[in-house]
Amino acid sequence: MIDFRPLTETDFPRLCDWLNRPHMRAHYQKVPVEIADVEKKYSPRLSPSHPTRCHLACYQGEPFGKIQCYLLQDYPDFAAEIGEDDGVAIDLFIGDERFMGQGLGKAMLRSYVQDVVPSLFSGTLNCFVCHAKANKVAIRCSLSAGFRPHRDVIEGGEASLLLLFGRST
Ligand SMILES: CC(C)(COP(=O)(O)OP(=O)(O)OC[C@H]1O[C@@H](n2cnc3c(N)ncnc32)[C@H](O)[C@@H]1OP(=O)(O)O)[C@@H](O)C(=O)NCCC(=O)NCCS
């Protein structure tokens, strides 16, 4: 149902548009961004050797969201913040709000964890997502995708819930 393709430079205007949409302000993108900000942040990530792997999620061929993953060992500050040093972390959002609330968030996350992450990072790895506790929909989404609550953490100064895929806690 959902396909993933690597982010490309031609996606930057779309990504910039998505990041500036009102539904992104509460949690994922709290301040407006300009196209130059997007280019600066994401251009390095287009390289297959960059530690963060970025993808667009498509439904019936139409891009609707962005999802990315990275090894915690490549981001020691974040790893220390969440108290884990081994595994993969995932961030996601639905950029086009027309696609929200239809089960695509949980389907995207589950499919990504099961199909994409193992193809990028070999070995048995824990997958983590971290959501602000106030982001009830994101937490609900990750629970429905098969993640389980792992630990309360403070991420970016905000009370958050770390969730783990595939293991009971
Ligand atoms: C979080 C997000 C990815 C969820 O995707 P989604 O497609 O809207 O959610 P889904 O339709 O897959 O629903 C997931 C669960 O949340 C529930 N849900 C969805 N929208 C809801 C809402 N507005 N209010 C309450 N519950 C809601 C669904 O019922 C479902 O739970 P269930 O499986 O127990 O029935 C999406 O809302 C989003 O991108 N939000 C903005 C960015 C963000 O917060 N990203 C995550 C932070 S890292």
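Being a predicted model, the structure only gives us computed values, none of them experimental.

*Asks:* Help me understand the environment of Gly157 in this model?
*Replies:* Secondary-structure assignment places Gly157 in the loop between strand 6 (147-155) and strand 7 (158-165). Judged by its relative accessible area of 70%, Gly157 falls in the exposed class. Separated by 76 residues in the primary sequence, Gly157 and Glu81 place their C-alpha atoms 9.8 Å from one another.

*Asks:* Which parts of the structure should I look at to understand the nonpolar core?
*Replies:* Soluble globular proteins tend to pack their nonpolar side chains together in the buried interior. By size, the foremost hydrophobic cluster in this structure holds 27 residues, and its most contacted members are Ile90, Leu109 and Phe147. Listing elements by their share of this core, those giving two or more residues are strand 3 (62-71), strand 4 (88-94), helix 4 (104-120), strand 5 (127-132) and strand 7. Leaving out residues up to four positions away in the same chain, Leu109 has contacts with Ile67, Ile90, Leu92, Val129, Ser142, Ala145 and Phe147. Residues Leu7, Cys16, Leu19 and Leu56 belong to the second largest nonpolar core, which totals 13 residues.

*Asks:* How should the packing of helix 1 (residues 12-19) against helix 2 (residues 35-42) be read in this particular structure?
*Replies:* Think of two packed helices as two axes; the pair is described by the angle between the axes and how far apart they sit. At a minimum axis separation of 9 Å, helix 1 and helix 2 run at an interaxial angle of 115°. Looking at the two axes, helix 1 sits roughly perpendicular to helix 2. Where helix 1 crosses over helix 2, the handedness of that crossing is right-handed. Between helix 1 and helix 2, the residues in contact are Phe12, Pro13, Leu15, Cys16 and Leu19 and Ile35, Val38, Glu39 and Tyr42, respectively.

*Asks:* For this particular structure, what's the right way to read the site of the ligand?
*Replies:* Near the ligand you find 18 residues, and of these Ile94, Gly103, Lys106, Asn135 and Ser144 are the closest. At 2.7 Å, a side-chain N or O of Lys106 approaches an oxygen atom of the ligand. Between an oxygen atom of the ligand and a side-chain N or O atom of Ser144, the distance comes to 2.5 Å. Relative to its free-state accessible area of 930 Å², the ligand is covered by the protein chains to the extent of 71%. Only strand 4, helix 4 and helix 5 (136-144) provide two or more residues apiece to the shell around the ligand. In terms of residue count, helix 5 provides more of the shell around the ligand than any other element does, five residues in total. Tallied by class, residues from the shell around the ligand come to nine nonpolar, seven polar and two charged.

*Asks:* Can you help me understand the side chain of Lys66 in this one?
*Replies:* Take Lys66: it is sitting in strand 3. As a buried residue without a salt bridge, Lys66 has its nearest oppositely charged side chain in Asp91, at a separation of 6.2 Å. Looking at Lys66, its side chain comes within polar contact range of the side chain of Gln68, at 2.8 Å. The contacts of Lys66, once residues within four sequence positions are left out, are Leu15, Trp18, Tyr28, Tyr42, Cys54, His55, Leu56, Asp91, Leu92 and Phe93.

*Asks:* Would you mind going over the pairing of strand 2 (residues 53-59) with me for this structure?
*Replies:* Look at any regular strand and the pattern is simple: side chains alternate between the two faces of the sheet. Of all the seven residues making up strand 2, five are buried; the element is thus mostly covered by neighbouring parts of the structure. Two elements, strand 1 (residues 2-6) and strand 2, share five bridges in a ladder whose sense is antiparallel. Counterpart to Arg5 in the pairing with strand 2 is Leu56. Inspection of the sheet shows strand 2 paired to strand 3 by seven bridges, in the antiparallel sense. Within strand 3, the residue paired with Cys58 across the bridge is Pro63. Taking the residues that link successive antiparallel strands as the turn, the strand 2-strand 3 hairpin has two residues, and the phi of Gln60 there is positive, at about 50°.

Reading the values: the criteria
Residues numbered from 1 in each chain as written. Predicted model: local features only at pLDDT ≥ 70, side-chain atom pairs only at ≥ 80, totals over all residues. Heavy atoms only, no water. Helix = DSSP H or I, 4+ residues; strand = E, 2+ residues; numbered from the N terminus. Buried < 20%, exposed > 50% of the residue type's maximum accessible area, 1.4 Å probe, protein only. Core = buried A, V, L, I, M, F, W, Y, C linked by side-chain atoms within 4.5 Å. Contact = heavy atoms within 4.5 Å. Axes fitted to C-alpha atoms, helices over the stretch in contact; angles between N-to-C directions. Parallel < 35°, antiparallel > 145°, perpendicular 65-115°, else oblique. Left-handed = near helix turned anticlockwise from the far one by under 90°. Near = heavy atom within 4 Å. Polar contact = N/O pair within 3.5 Å; in protein donor to acceptor, adjacent residues only side chain to side chain. Areas by Shrake-Rupley, 256 points an atom, 1.4 Å probe, with all protein chains shown as cover. Nonpolar A, V, L, I, M, F, W, Y, C, P; charged D, E, K, R; others polar. Lys, Arg positive; Asp, Glu negative; His and termini not counted. Salt bridge = Lys/Arg side-chain N within 4 Å of Asp/Glu carboxyl O. Pairing = 2+ DSSP bridges.

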